[in-house]
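Topology and contacts: notes
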Amino acid sequence: TSSHLKTLAVLDPYPRDSWLYRILPSVKHKPFTSVPCGDLTENWNEVEPDPNQLRWLPFTIPKTTEKKVDFVAGLHTLCGAGDAKSRNGIGVHVYTCNTSMVDRCFNNSDGDFLIVPQQGEILITTEFGKMMVEPNEICVIQQGMRFSVDVFGETRGYILEVYGAHFELPDLGPIGANGLANPRDFLCPVAWYEDRKVPTGYTVINKYQGKLFACQQDFSPFNVVAWHGNYTPYKYNLKNFMVINCVAFDHADPSIFTVLTAKSTRPGVAIADFVIFPPRWGVADHTFRPPYYHRNCMSEFMGLIKGHYEAKEEGFQPGGASLHSIMTPHGPDVDCFEKNSTAELKPQRVAEGTMAFMFESSFSMAVTKWGLHTCQKLDKNYYQCWEPLRSHFNPNWKPGKQ
Ligand SMILES: O=C(O)Cc1cc(O)ccc1O
Ligand SMILES: [Fe+2]
């Protein structure tokens, strides 16, 4: 059951094709029928727009003793935009589960999944082989790949889904040959197969145009004895990210922390970027070092894998989330503002023991009913973290004279 991986020589921005050598072809199954799954309805067009800053407390993981929930049953769509039909858009989902998928696999016809485990490692069996992915690692499972997820306890994570584009490494521009996420650190599985008959029925669940469908077959779909090609799932450990940042003054755009990007057809404007805020040194002089207060042309969905995010040390919790929509103002909470308005600017570790991330998108996202109501985790008091902000403006202040 362990994962056997090899280095992906190049993260090909144009993965086209893989050839899978199978024992039985995947066309051999009974017809698909729709299966009800209340929370995986990409119905973000059915809710009222919400221009507020939104924050969620950690999403509840079902207790094993109360209800067995596997990865597919525990998928919930939180927000998104665009749609799978026109092959342009994104979905943000969370998964909360406690049970392995047994004789069940999932296959997403709509887009690629970038999976960010937050609690509990997940063992993903794919048609290409197995990958163990633990918190602080991420993996990408592309459109159309069948996979099954084993879990080892109460498990939670985030998913960024993109329609009509694949993730690739960002252009490095003047950074040059190496830096940020390096190709050598991306791993893909080696072939693993089982020649297993399942007379009681093996269920293939297909996400198609935002709805789930299921069909039955009498054999395991993980019957690929060998494969070659460049269309493969892969994983990456975030600790390998080579952080580049400001070493003089000013605050760099967080795009400097881009791990992977799904480009749109407009140069410089992504369908979605996956950005991290890793442990690093803060050394900028003459600078308010935390994130600036801003409104911008992107939607910013943030999650926290572990630790304390530098702009909101409390309130924003591991396993929770926030959404700052296009042109909705946001920034550090009052504690961060006060502390960093007077802090001595000596070199300082930032985000030690922490891993926050952002799904940043040029799409204007809307929130599902599950996100606003059903999950019951919306933090109604979020706006209060900025209420006590006060001015430190002193018209008589001179540089060097405190
Ligand atoms: O809003 C946030 O916390 C994310 C963020 C971080 C940062 O350092 C600069 C801009 C930005 O949007
Ligand atoms: Fe922001």
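Rules used throughout
- Residues numbered from 1 in each chain as written.
- Chains lettered and ligands numbered in written order.
- Predicted model: local features only at pLDDT ≥ 70, side-chain atom pairs only at ≥ 80, totals over all residues.
- UniProt positions renumbered as here; feature names shortened; annotations may be inferred.
- Helix = DSSP H or I, 4+ residues; strand = E, 2+ residues; numbered from the N terminus.
- Buried ≥ 20, exposed ≤ 12 C-beta atoms within 10 Å, placed from the backbone.
- Pairing = 2+ DSSP bridges.
- Core = buried A, V, L, I, M, F, W, Y, C linked by C-beta atoms within 7 Å.
- Contact = placed C-beta atoms within 7 Å.
- Domains from an automatic or database assignment.
- Axes fitted to C-alpha atoms, helices over the stretch in contact; angles between N-to-C directions.
- Near = placed C-beta within 6 Å.
- Nonpolar A, V, L, I, M, F, W, Y, C, P; charged D, E, K, R; others polar.

Before going further, it helps to examine the UniProt feature "domain: Homogentisate 1,2-dioxygenase C-terminal" (unreviewed entry) in the protein. Per the UniProt record, the feature "domain: Homogentisate 1,2-dioxygenase C-terminal" (unreviewed entry) sits at residues 239–393. This span, residues 239–393, is 10% helix and 26% strand, and a straight line between its end C-alpha atoms measures 40 Å.

For the rest of this paragraph, the subject is the pairing of strand β12 (residues 147–151). Here β12 lies mainly inside the structure; four of its five residues are buried. Across five bridges, the pairing between strand β9 (residues 122–126) and β12 is antiparallel. Residue pairing for β12: Leu 123 is matched across the bridge by Asp 150.

This brings us to unusual backbone geometry. Here Asp 250, not a glycine, exhibits a phi torsion of approximately 85 degrees, which is positive. You can see Asp 250 is positioned in the loop between β18 (234–237) and β19 (258–263). In this structure, Gln 376 is a non-glycine residue whose phi angle is positive, near 55 degrees. Of the residues examined, Gln 376 has 11 C-beta atoms within 10 Å and is grouped as exposed.

Time to look at the nonpolar core. Counting 88 residues, the largest nonpolar core has Cys 79, Ile 90, Leu 114, Ile 115, Cys 139, Leu 160 and Phe 357 as the members making the most contacts within it. Dropping the residues within four chain positions of it, Ile 115 is found in contact with Val 133, Ile 138, Cys 139, Ile 141, Gly 157 and Ile 159.

Attention shifts here to the UniProt feature "active site" (unreviewed entry) in the protein. Under the feature "active site" (unreviewed entry), the UniProt entry names His 251. Positionally, His 251 belongs in the loop between β18 and β19. Leaving out residues up to four positions away in the same chain, His 251 has contacts with Cys 246, Ala 284, Thr 287, Arg 289 and Tyr 292.

A separate point is the sheet that holds strand β11 (residues 137–141). Pairing is antiparallel in the open sheet, where nine strands are placed in the order β1-β14-β18-β11-β8-β13-β6-β5-β26. At either end of the open sheet lies a strand with only one pairing partner, and these are β1 (5–7) and β26 (366–367). For strand β6 (residues 88–97) and strand β13 (residues 155–163), the ladder comprises nine bridges, and the chain directions are antiparallel. Of the residues in β13, the one forming a bridge with Gly 89 is Tyr 163.

This brings us to the domain arrangement of the protein. Along its sequence, the protein is organised into domain 1 (5–238) and domain 2 (243–380). A separation of 25 Å is found between the C-alpha centroids of domain 1 and domain 2. With 47 residues of domain 1 at the contact, the number on the domain 2 side is 47 residues. Of all elements in the fold, only β4 (54–56), β5 (75–83), β6, β8 (112–119) and β13 reach the threshold of two or more residues within the side of domain 1 that touches domain 2.

This next bit is on the environment of Lys 377. Here Lys 377 shows up in the segment after α2 (369–374). You can call Lys 377 partly exposed: it has 18 C-beta atoms within 10 Å. Sequence spacing of Lys 377 and Val 149 is 228 residues, and the spatial spacing of their C-alpha atoms is 25 Å.

Tracing the sequence through the fold places Pro 117 in strand β8. Of the residues examined, Pro 117 has 21 C-beta atoms within 10 Å and is grouped as buried. Linking Pro 117 and Ile 138, residues 21 residues apart in sequence, is a C-alpha distance of 6.8 Å. Contact partners of Pro 117, with chain neighbours within four places excluded, come to Ile 122, Val 133, Glu 134, Pro 135, Glu 137 and Gly 157.

All right, on to the sheet that holds strand β25 (residues 355–361) then. Picture the strands of a sheet paired through backbone hydrogen bonds; they go either parallel or antiparallel. Pairing within the open sheet is antiparallel, and its six strands lie in the order β4-β23-β22-β25-β20-β19. The sheet terminates laterally at β4 and β19, the two strands that pair on one side only. Going from strand to strand, the sheet's axes swing by 15 degrees on average, the running direction of each strand aside. Relative to strand β23 (residues 321–324), β4 runs antiparallel, the two being bridged by three bridges. If you follow Arg 55 over to β23, its bridge partner there is Ser 322.

This next bit is on the site of ligand 1. In the vicinity of ligand 1, the residues found are Pro 254, Pro 291, Glu 300, Ala 311, His 324, His 330 and Met 358. Here the shell around ligand 1 is composed, by residue class, of four nonpolar, two polar and one charged.

Let us look at the pairing of β8. The buried fraction of β8 is high, at seven of eight residues. Sheet topology places β8 next to β13; seven bridges connect them, and they run antiparallel. When the bridges of β13 are listed, Leu 114 appears paired with Leu 160. Where β8 meets β11, three bridges bridge the pair, whose relative direction is antiparallel. Note on β11: the bridge partner recorded for Phe 113 is Ile 141.

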